[in-house]
Amino acid sequence: MEKISQLQLAALIVMFQIGSSPLFLLGASAGTDAWMAVLVAMTAGLLLLVLLTLQIRRLEPDKDLVEMFKTYFGRVIGYAFGMAYFVYFSYKSVRNIREFGDLMNLYLLPSTPLFIVIGCVLFVAGFAVWNGIEAFSRTTQIIMPIVLIIYAAFFLMIYGSGLFDIHRIEPIADKGFGKVVEAALPEVVSFPFGEMVLFLMLWKYVASKKKTFKTTIRCYVYTGLFLTLTNVVIVASLGSISQISVVPFIQIMSQVQFASFIERLDPLAASLIFSGVFIKMTAYFFGAFLVGSHLVKAKRLYLVVGVGVVLFIGALTFRSYMQHIWFGFEKNLKVHFPIFQIYIPALLLLVMLFRSRLRAGGSRQS
């Protein structure tokens, strides 16, 4: 079985959590307190991660999610849960693929047909999946420091250009803390913090399993603070415009003028964000592929191509970028995603704890 190191796991978590999140003002309904909504959601997501997702992993460190379903619910019900998560992981990958394609059309390749862009990126992602989790993790490990350094340079240029004004985030909590919590739950928890459920398919491949808990928590917290900083930068740079901007971070970078000759950095910012979207899209592709390998017995290449075709068709079903964004924020985050991120894992954990208690009781009687 393939194995990835703790450093590679850290890179996967950081790049996966970042993904496309810097594109948007997370918790925008909280207005200038959107950054506080991210902190609240990060805290709620951390509790979810520690008390639910990592507890499931602790009880069965050598099994992935589908194997756990089959073990604790039986073959038939386990297969049904597996099918549900195949749809969930595929749909999450589809959303990132479509986001990638639309942004490429919008900022870099306006004359290229959308299906060509989507087909090309799916080919690269499929190649990564076909090569295995080790190759994908090594690639992510190389990309991560470059991405973080460029983000740091961008933040410095935004500050140096005079766009950043910290007073734009004031007054703090002027609409009450309840508005902040309302913006954070469940939307910002669902995206991006609750998405860590995917790692129930990946943790079994990690070497030195005793360190997995600490690595996961540290990377989660670091990424959450980074996304909070991104929200502060967006609000402090755009003010009230940030709440209505479609892609506020790229809008900021289009306005940067630094040192009299550095300007119009939005294509570079778009390329930077594309790397995060690509890593997240491929990670979900991996999730769908791994689930599919439990459901269908087929050669690796055939399964990769089959999942890729499903993703390609799914990515073209949205009529427009705005429909894709609206459906995600209005339907998925509030209704659909919590089922897979909270409710089903909570049911699984309860059954696991119940079964382990029964086994412990039986052992004592024996």
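So, here is what we can say about the structure in this document. (Residues numbered from 1 in each chain as written. Predicted model: local features only at pLDDT ≥ 70, side-chain atom pairs only at ≥ 80, totals over all residues. Heavy atoms only, no water.)

**Focus on empty space enclosed by the protein**
The condition is simple: The rule is simple: put a 1 Å grid over the protein atoms alone, call a set of points where a 1.4 Å probe fits but cannot get out a cavity, call an open set with protein on both sides within 12 Å along at least five of seven lines a pocket, and count a residue as lining if it has an atom within 4 Å of a point. Grid points are joined across faces, edges and corners, and a volume is the space filled by probe spheres set on the points. Numbering of helices and strands runs from the N terminus, with a helix taken as a DSSP run of H or I at least four residues long and a strand as a DSSP run of E at least two residues long. Each residue gets one label: Ala, Val, Leu, Ile, Met, Phe, Trp, Tyr, Cys and Pro are nonpolar, Asp, Glu, Lys and Arg are charged, and the others, such as Gly, are polar.
Across all of its chains, the model carries 2 cavities of 30 Å³ or more by this definition. If you go around the second largest cavity, the residues you meet are Gly45, Leu48, Leu49, Thr53, Phe193, Gly194, Met196, Val197 and Gln341. No other element matches the 4 residues that helix 2 (residues 34-59) contributes to the lining of the second largest cavity. Counted by class, the lining of the second largest cavity contains 5 nonpolar, 4 polar and no charged residues.

**Here's the deal with the side chain of Thr212**
Which entries qualify depends on this criterion: Note on exposure labels: buried denotes an accessible area under 20% of the residue type's maximum, exposed denotes more than 50%, and partly exposed covers the range between, all computed with a 1.4 Å probe on protein chains only. Any two residues having at least one pair of non-hydrogen atoms within 4.5 Å are treated as being in contact.
With respect to the secondary-structure elements, Thr212 resides in helix 8 (residues 212-238). Taking relative accessible area as the criterion, Thr212 reaches 0% and is therefore assigned buried. Setting aside its immediate chain neighbours within four residues, Thr212 contacts Gln6, Leu9, Arg57, Trp203 and Val206.

**Here's the deal with unusual backbone geometry**
With an omega of -5°, the peptide bond running from Glu170 to Pro171 counts as cis. By secondary structure assignment, the location of Pro171 is in the loop between helix 6 (133-160) and helix 7 (177-190). In this chain, Phe191 is followed by Pro192 through a cis amide linkage whose omega measures 15°. A positive phi is found at Ser208, a non-glycine position, where the angle reads about 50°. You can see Ser208 is positioned in the loop between helix 7 and helix 8.

Such coordinate-based values are descriptive only and should not be taken to indicate function.
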